[in-house]
Amino acid sequence: MKNTIHVERAIKRMTQADLAEAVGVSRQTINALEASKYVPSVVLALKIARYFDKPVEAIFELEKED
């Protein structure tokens, strides 16, 4: 699953730790999401999208093999 979390964080000048605290997960979780090593739960995807005030589809994109 592709995502634009890194880009969104850069726009807001946030660290992984900042975002992790804002959405209630560990920095390692944000790191794994950005590296596409972890697929978020629906709840986490919604929290991240809401935090950035964007639709989920603007942050996360399914790839063909997903």
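Definitions and cut-offs
Residues numbered from 1 in each chain as written. Predicted model: local features only at pLDDT ≥ 70, side-chain atom pairs only at ≥ 80, totals over all residues. Heavy atoms only, no water. Buried < 20%, exposed > 50% of the residue type's maximum accessible area, 1.4 Å probe, protein only. Helix = DSSP H or I, 4+ residues; strand = E, 2+ residues; numbered from the N terminus. Arc of directions from axis to C-beta. Contact = heavy atoms within 4.5 Å. Phe/Tyr/Trp six-rings, centres within 6.5 Å; stacked < 30°, edge-to-face > 60°. Salt bridge = Lys/Arg side-chain N within 4 Å of Asp/Glu carboxyl O.

By the naming in an unreviewed UniProt entry, the protein chain is Putative transcriptional regulator, taken from Runella defluvii.

(A) Geometry of helix H1 (residues 5-12). Burial in H1 covers these residues: Ile5, Glu8 and Arg9. End-on view of H1: buried residues confined to an arc of 100 degrees, all on one side of the axis. Lining the buried residues of H1 we find strand S1 (2-3), helix H2 (16-23), helix H3 (27-34), helix H4 (42-51), helix H5 (56-59) and strand S2 (60-61).

(B) Quick look at H4. Turning to H4, its buried residues are Leu44, Ala45, Ile48 and Ala49. Down the axis of H4, the sector holding all buried residues measures 135 degrees, keeping them to one side. Residues Val42, Val43 and Arg50 are exposed on H4 and point more than 90 degrees away from its buried face. Taken together, the buried residues of H4 touch H1, H2, H3, H5 and S2. Looking one or two residues beyond H4, the residue adopting positive phi is Asp53, at roughly 55 degrees.

(C) Structural context of the packing of aromatic side chains. One pass over the full model with this rule turns up 1 aromatic pair. Arranged with centres 5.4 Å apart and planes meeting at 80 degrees, the rings of Tyr51 and Phe52 form a pair that is edge-to-face. Taking the relative accessible area as the measure of exposure, Tyr51 reaches 33% and is therefore partly exposed. A relative accessible area of 5% places Phe52 in the buried class.

(D) Structural context of unusual backbone geometry. Unusually for a residue other than glycine, Arg13 sits at a positive phi of about 55 degrees. Following the sequence through the fold, Arg13 ends up in the loop between H1 and H2. Classification of Arg13 by relative accessible area gives exposed; the value is 78%. The phi dihedral of Asp53 falls on the positive side, at around 55 degrees, and the residue is not glycine. If you trace the backbone, Asp53 turns up in the loop between H4 and H5.

(E) Spatial organisation of the pattern of salt bridges. Enumeration over the complete set of coordinates arrives at 2 salt bridges. Between Glu8 and Lys54 there is a salt bridge whose closest N-O contact spans 3.3 Å. Within this pair, whereas Glu8 is found in helix H1, its partner Lys54 is found in the loop between H4 and H5, the two being separated by 46 residues in sequence. The class of Lys54 is partly exposed, set by a relative accessible area of 34%. Across the salt bridge formed by Glu34 and Arg9, the nearest N and O atoms sit 2.5 Å from each other. Of this pair, Glu34 sits in helix H3 while Arg9 sits in helix H1, and the two are 25 residues apart along the sequence.

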